[in-house]
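Architecture and fold: a report
These are the residues of each chain, in order.
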Amino acid sequence: MSGRQPLLHDLAIALCAPTVVLSGQDGQLRGDGTQGVLHGDLRVLSEAVVTVDGREPEPIGTAEPTAGRGDFTGLLRHLGDPGPDPTVWLRRHRTVTATGMTEEIELVSTAGDARRCTVELTAAADFAPIELIKDGGGREAVAPEPAGGNAVRWSCGGVTSTLRAGGAAVTVRPPRAVARWTVDLPPASSVRLGWEVTASDPEALFVHGDAVRLGAPRVQADDRRFTSLLRRSLTDLEALLLAERDHPEDVFVGAGAPWYLTLFGRDSIWAARLLLPVSVRLAAGTLRTLARAQGTAFDAATGEAPGKIMHERRRGGFELTGMSLPALYYGTVDATALWVCLLHDAWRWGLPEDEVRALLPNLRAALEWITEHSDTDGDGFAEYLDESGRGLANQGWKDSGDAVRFADGSQARPPVALAEVQGYQYEAALKGAALLTAFGEDPGGLDAWAGDLARRFRERFWVGTKEAGYPALALDGDKAAVDAPTSNMGHLLGTGLVDTAESERIGARLLGGDLAAGFGLRTMSSTVGGYSALSYHCGSVWPHDTAIVVRGLADAGQPERAAELGMQLVRAAGSFGDRLPELFAGYGSEETPVPVPYPASCRPQAWSAAAAVALLSAFLGLRADVPAGTVTLAPPRPSPVGALRVSGLPLAGGTLDVAVDRDGTVTEMRLPPGLRPA
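Notes on the structure in this doc start here. (Residues numbered from 1 in each chain as written. Predicted model: local features only at pLDDT ≥ 70, side-chain atom pairs only at ≥ 80, totals over all residues. Heavy atoms only, no water.)

1. As for the sheet that holds strand β7 (residues 69–75)
Which entries qualify depends on this criterion: Pairing between strands is defined by DSSP: at least two bridges between them are needed. Runs of H or I in DSSP of at least four residues are treated as helices and runs of E of at least two as strands, each being numbered from the N terminus.
One open sheet accounts for eight strands, arranged β6-β7-β8-β9-β16-β13-β12-β11; its pairing is antiparallel. Whereas interior strands pair on both sides, the edge strands pair on one side only; in this sheet they are β6 (58–63) and β11 (145–146). Direction of pairing for strand β12 (residues 151–156) relative to strand β13 (residues 159–166): antiparallel, over a ladder of six bridges. The residue of β13 that forms the bridge with Arg153 is Thr162.

2. Side note on the layout of surface pockets
Condition: Using only the protein atoms, space was sampled on a 1 Å grid; points where a 1.4 Å probe fits but cannot get out form cavities, open sets with protein on both sides within 12 Å along at least five of seven lines form pockets, and lining residues are those with an atom within 4 Å of a point. Grid points are joined across faces, edges and corners, and a volume is the space filled by probe spheres set on the points. When residues are sorted by character, Ala, Val, Leu, Ile, Met, Phe, Trp, Tyr, Cys and Pro go into the nonpolar class, Asp, Glu, Lys and Arg into the charged class, and all the rest, Gly among them, into the polar class.
When its volume is computed, the largest pocket comes out at roughly 700 Å³. Considering the residues around the largest pocket, the lining is formed by 35 residues, among which Lys134, Tyr260, Met323, Asp399 and Tyr536 are closest to the centre. Elements supplying a minimum of two residues to the lining of the largest pocket: α3 (265–274), β23 (318–320) and β24 (323–325). The residue makeup of the lining of the largest pocket, split by class, is 16 nonpolar, ten polar and nine charged. Volume-wise, the second largest pocket comes out at about 590 Å³. Asp345, Trp349, Arg551, Asp555 and Arg623 are, among the 29 residues lining the second largest pocket, the residues nearest its centre. Those elements that place two or more of their residues in the lining of the second largest pocket are α3, α5 (335–348), α8 (419–438), α11 (543–555), α13 (606–620) and β31 (622–625).

3. Regarding the pattern of salt bridges
As a working rule, side chains carrying opposite charge can pair if their charged atoms are close by. Selection criterion: In what follows, salt bridge is the name for a side-chain nitrogen of Lys or Arg lying within 4 Å of a carboxyl oxygen of Asp or Glu. Burial classification: accessible surface area is computed with a 1.4 Å probe over protein chains only, and a residue below 20% of its type maximum counts as buried, one above 50% as exposed, and the rest as partly exposed.
Tallied over the entire structure, the rule returns 51 salt bridges. The partner of Asp236 in a salt bridge is Arg232, with the nearest N and O atoms 3.4 Å apart. Of this pair, Asp236 and Arg232 both sit in helix α2 (residues 224–239), four residues apart, which is roughly one turn of the helix. The class for Arg232 is buried, based on a relative accessible area of 13%. Linking Asp625 and Arg348 is a salt bridge whose minimum nitrogen-to-oxygen distance equals 3.0 Å. Here the residue Asp625 occupies a position in strand β31, and Arg348 occupies one in helix α5, the gap between them amounting to 277 residues. Take Asp625: its relative accessible area is 17%, and that puts it in the buried class. Residue class for Arg348 comes out partly exposed when judged on its relative accessible area of 23%. Residues joined by salt bridges that share partners form a network here, namely Glu244, Asp250, Arg281, Arg288, Arg292, Arg313 and Glu355.

Structure (structure tokens):
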């Protein structure tokens, strides 16, 4: 174990959750770093190297046409005709499934004479868990055993991976297996070979979430960069869908590949919330899955508390250098409030009343945690402190150990009360009260509790002058305002915790060049001591973070700022093949012509992909209130992507069709029966 996280930025990644395949751009799986076939947080195939006559093809092309596909082309010049033009080459057509991977090896010849060659596939499996890989480690390969015919099998801890190679002679050469084909390649012809690997895991927590399909609206825009981003994002999200094995109907989005391809409270909630315009069913599955694991007791080792929503769930403990997380871990200060907000917003987007009513006991438990248990030291604010000493030191969305810094670069001392968490809790209290009232239940003093929180926040969190002030990142353990300007303040927009004038100041501050530098919103201002363009949380750009702020700006009545910031993400996306990563470096457009990758970033990442739908909502100014029978459209003027037409957007058992011209004027709007323009 090295403690150095492997780099991912230059790998080819294909997936169908809970399986993800990571290879070099040449298609080879070499067992280095993160390369291999991972299934359910285990590497079930660590090596799959193809050679022809003992030589590796010379790579010339890689394509990722869909989330679950990869195509790789390499030259076989030793077989070709003399001259500069390649006449024999090899193509690998890879398809990832929920239980493994299939691959077709295609040899193509335009040579003048027949060729004979030997194709070999050398494979190995080490069953390394994802946390060991993430920490820069690995395991010795497991010895394979024959499985009859053209098959070989590896087993470890009850998990089995089986490789089948049709038409090949398969031999065992511990710790590897070799499949060999002898190929006669006529002139001007092609020959196809095939192999597959299948994982069997009787104790798997999650299966692919195929009970839900995301809505695929037809979107046309003058700016095709946006429509390309949206299409790729939706296909990636389909590939990230998961469900509990015992509850396959309740689908949620796995957080991201490869490090976080599992259930995460905060990530799955935010992804479902941003995706409400394309799927209410996804929100329902996310809510119910998390409700089943809602805390019932106090446990310092796991962070559990009554009513609390969990942080993450894995097949076993997650061991990293300096950290040891239990399989079911509750170390998050924000997921509970976000769960309440998702339930309310899903109801507004049309979640059936009986499904909402069934979750009201969980709603009350969550609200009790917010109002009774989240303030651990009695100062009137929700804060966190890792009591176990082995969990996450920071438990907001910026959860790296050095994420909470003062403007001079020094780190905050716990317990820490984050600004955005107070906004989430304020919003949750009011939305929880609205839900309870709508369903004939007494909301108690939630409105008054929220009002008191707003007053305290205004007194303690604002730093700087009245004209140029902004909310601090947090209060530290000494109740000092952590004064670094960060993107966190943007999460307050639309929550109601800040008023119109305060929202205006926050919006203006966020759009300054030190934060919004051309490719999205930096997590921390470039003007302060802790900033680094390649820091995980102190200067990088996270697409979901930018999208949440875009959403907040739109909700706060600042559509033009929302459009300006949203288009920064659109401009950045093409540099990543329209697959927005978990994060990328915070270099601005004046420093580099294209964004610079953060080299260990997940790709795809659920809430990064969901950002594209958040942009669509902001560019339409779209809000729905199905219980009230209204839909609001208030696009920015002018439209940031030119003329925009959307059809087939699922809503309340029907579809919404809308067209916006370049000036931002709604020229067409067709609503499902029972709904009317607001």
